[in-house]
Amino acid sequence: MTGCAERPLLFLDVDGPLIPFGAAPELCPEGYPTYPAGLASPGTDGHPLLARINPGHGPRLTALPCEVVWATTWMADANESIAPRLGLPELDVVMWPDPCDEDDQDDQDERDGLHWKTRTLVQRAAGRSFIWVDDEITDTDRAWVSEHHRGQALLHRVDPARGLTDADFTALDEWLRTEPTCRSCLPERA
């Protein structure tokens, strides 16, 4: 199915948005558990950063009027290690191109400051409206998406030291509820 009947996509990165890093415990948002350095919390399979996941984010993501898709280097491991901690079902996963198959255009993109995920996410969206939540988004990515994506898009940068906050969820929800889901839904310009 294509067009206005489809819900927008929400491409979600893990490291930074869901697993904040680089912040002292007192700077972590309320609700994030903290543990002494080097101590993995129970149920983190020895991965101490998993203790930083806020389980309250799962219901908030589920409540958004969109389809959440993993857009992370965790790839399928996000369904195994992250989704259960958030109470999320198994989600679709963006498959990144093999770095060995990169062409000259990818090298030029990097030299121009375009994030390595940007082209793939626009291709995956295939004209469908989307939000990209990541901690590495720049104005270069926003400009490229605006020029190359025929649907609506919000590239939402999250502070990696804090992860997703109430303000981020408010911004995502407001955009999803006020933006047309595709350009064909927009009124014609005079």
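Source: prediction; values computed, not measured.

Engineer: Quick question: what am I supposed to make of the packing of aromatic side chains here?
Structural biologist: Centre distance and the angle of the planes are the two values used to describe a pair of aromatic rings. Inspection of the entire model under this criterion finds 2 aromatic pairs. Aromatic side chains W96 and W116 sit 5.0 Å apart centroid to centroid with 70° between the ring planes, which places their arrangement in the edge-to-face category. Within this pair, whereas W96 is found in the loop between β3 (92–93) and α3 (104–111), its partner W116 is found in the loop between α3 and α4 (118–125), the two being separated by 20 residues in sequence. Since its relative accessible area comes to 40%, W116 is described here as partly exposed.

Engineer: Honestly, helix α5 (residues 139–148) in this entry has me stumped. Any pointers?
Structural biologist: Helical periodicity: at 3.6 residues per turn, an α-helix aligns residues three or four positions apart in one direction. Looking at α5, one finds that the buried residues are D141, W144 and V145. Buried residues along α5 cover an arc of 100° about the axis, so they all sit on one side. Of the exposed residues in α5, those oriented more than 90 degrees away from the buried face are D139, S146 and E147. Elements that come into contact with the buried residues of α5 comprise α4, β4 (130–134) and β5 (153–157).

Engineer: Would you explain the pattern of salt bridges in this entry?
Structural biologist: Pairing between side chains of opposite charge can happen when their charged atoms approach one another. Scanning all chains against the criterion turns up 8 salt bridges. Across the pair K117 and D13 runs a salt bridge whose closest N-O atoms are separated by 3.2 Å. Of the two residues, K117 sits in the loop between α3 and α4 while D13 sits in the loop between β1 (9–12) and α1 (57–63), which places them 104 residues apart along the sequence. We classify K117 as buried; its relative accessible area is 3%. What makes D13 buried here is its relative accessible area of 5%. Measuring nitrogen to oxygen at the nearest pair gives 2.9 Å for the salt bridge that ties K117 to D134.

About the thresholds
Residues numbered from 1 in each chain as written. Predicted model: local features only at pLDDT ≥ 70, side-chain atom pairs only at ≥ 80, totals over all residues. Heavy atoms only, no water. Phe/Tyr/Trp six-rings, centres within 6.5 Å; stacked < 30°, edge-to-face > 60°. Helix = DSSP H or I, 4+ residues; strand = E, 2+ residues; numbered from the N terminus. Buried < 20%, exposed > 50% of the residue type's maximum accessible area, 1.4 Å probe, protein only. Arc of directions from axis to C-beta. Contact = heavy atoms within 4.5 Å. Salt bridge = Lys/Arg side-chain N within 4 Å of Asp/Glu carboxyl O.

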